[in-house]
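# Examining the three-dimensional arrangement
The chain contents come next:
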Amino acid sequence: MTSKYIRSLALLLCAALLGCLLAACGGSASSPASSAAPASDSASASGSSELPSSTTEANTGELNPGNFDENSVFSITGTENAFAPCLGWGPGVSGCSLKSVIAAASLLHWAEDARMSSRSPEAIQDAFYSWYDGLTDNQQEGFAEAWPLIKDAALDLLSDKDSMTDRIADAGLDADTLPGCTLKNWQALQSVLDGIVPETNGEA
């Protein structure tokens, strides 16, 4: 009786152990499938994060300043800001000597940044008229009167800046950043404006 009892108990223990082993194997077999899902989610998340990056790079490439159409007015920007110091004064106005230096420095900076020597005269004219045509008659006349003074100040900054040390300082400009323009870029702008700015009888 005891021997049969022991044998039965042994069989029950073996069956229980076998059942545990099968359960463990079943759990481990399903774990690769469950771990595969996060990997797929991770790949999906990675793919979505790369999309904005590639889009940004494409947009940045289009904004490369080297990619411009020399005949397009839209490729010459900053016209209004560049000419702003040219308004509101003229020959004989108090401080006109200093104001001419400030205006010249602004246009020199613009001519260099816009690489005027690489533009066609038509593109420069269109950029100028996009600003000039929006002025009142008095403003247009005032600019025409101031242009000779601005032009002379720009040429002095390009050719003899040392003689203008006091005027530069009094105008509140940084001499180290002037003229900040190559002669060819300035000449490209000046030659166009000389041909289209009306001559006046204003005197300095």
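The structure displayed is predicted, hence computed values, not measured ones.

What counts, and at which threshold
- Residues numbered from 1 in each chain as written.
- Predicted model: local features only at pLDDT ≥ 70, side-chain atom pairs only at ≥ 80, totals over all residues.
- Heavy atoms only, no water.
- pLDDT = per-residue confidence, 0-100.
- Helix = DSSP H or I, 4+ residues; strand = E, 2+ residues; numbered from the N terminus.
- Contact = heavy atoms within 4.5 Å.
- Expected span 1.5 Å × (residues − 1).
- Buried < 20%, exposed > 50% of the residue type's maximum accessible area, 1.4 Å probe, protein only.
- Salt bridge = Lys/Arg side-chain N within 4 Å of Asp/Glu carboxyl O.
- Axes fitted to C-alpha atoms, helices over the stretch in contact; angles between N-to-C directions.
- Parallel < 35°, antiparallel > 145°, perpendicular 65-115°, else oblique.
- Nonpolar A, V, L, I, M, F, W, Y, C, P; charged D, E, K, R; others polar.
- Core = buried A, V, L, I, M, F, W, Y, C linked by side-chain atoms within 4.5 Å.
- Phe/Tyr/Trp six-rings, centres within 6.5 Å; stacked < 30°, edge-to-face > 60°.

### Quick look at the confidence of the model for the chain
Averaged over every residue, the pLDDT of the chain is 77; residues scoring 70 or more account for 62%. Within the chain, helix 7 (residues 183–196) carries the highest mean pLDDT (98), whereas helix 1 (residues 2–62) carries the lowest (47). A low-confidence stretch, residues 28–73 (pLDDT under 50), is modelled with 18 contacts involving residues beyond four sequence positions or located in other chains.

### A word on helix 4 (residues 121–132)
Helix length check: helix 4, at twelve residues, gives a terminal C-alpha distance of 16 Å against a target of 16 Å (1.5 Å per residue), a fit within 8%. Buried residues in helix 4 make contact with helix 2 (79–83), helix 5 (137–159) and helix 7.

### Quick notes on unusual backbone geometry
Geometrically, the link from Leu178 to Pro179 is a cis peptide bond, its omega value of 0° lying close to zero. Counting through the fold element by element, Pro179 comes out in the loop between helix 6 (165–170) and helix 7.

### Details of the side chain of Gln190
When you line up the elements, Gln190 lands in helix 7. Assessed through its relative accessible area of 14%, Gln190 is described here as buried. Residues contacting Gln190, with those up to four places away along its chain left out, are Trp147, Lys151 and Leu155.

### Considerations on the side chain of Thr79
Tracing the backbone through its elements, the reader meets Thr79 in helix 2. With sequence-adjacent residues up to four places away left out, Thr79 is seen in contact with Trp110, Ala127, Phe128, Ser130 and Trp131.

### Points about the pattern of salt bridges
Per the counting criterion, the structure on display carries one salt bridge. Asp194 is paired through a salt bridge with Lys151; the nearest N and O atoms lie 3.1 Å apart. Of the two residues, Asp194 is situated in helix 7 and Lys151 in helix 5; the sequence distance between them amounts to 43 residues. Owing to a relative accessible area of 18%, Lys151 belongs among the buried residues under this scheme.

### Looking at the packing of helix 3 (residues 96–113) against helix 7
At their nearest, the axes of helix 3 and helix 7 sit 9 Å apart, and the two run at 105° to each other. Considering the angle they form, helix 3 stands roughly perpendicular to helix 7. Two secondary-structure elements touch here, helix 3 through Leu107, Leu108, Trp110, Ala111 and Glu112 and helix 7 through Asn185, Trp186 and Leu189. Looking at the contact of helix 3 with helix 7 residue by residue, the class counts come to six nonpolar, one polar and one charged.

### Considering the nonpolar core
Counting residues in hydrophobic clusters, the biggest one holds 43 residues, and the most contacted among them are Phe83, Leu107, Met116, Phe128, Phe143, Ile150 and Leu189. Ignoring sequence-local partners within four residues, the contact set of Phe128 consists of Thr79, Phe83, Phe143, Leu193, Ile196 and Val197.

### Notes on the packing of aromatic side chains
Tallied over the entire structure, the rule returns 13 aromatic pairs. Aromatic pair Phe83 and Trp110: ring centres 5.4 Å apart, planes at 70°, arrangement edge-to-face. Taken together, the positions of Phe83 in helix 2 and Trp110 in helix 3 put the pair 27 residues apart, joining distant regions of the chain. Taking relative accessible area as the criterion, Phe83 reaches 0% and is therefore assigned buried. Residue classification places Trp110 among the buried residues on the basis of a relative accessible area of 5%. Within the aromatic cluster, the residues linked to one another by ring pairs are Phe83, Trp110, Phe128, Tyr129, Trp131, Tyr132, Phe143, Trp147 and Trp186.

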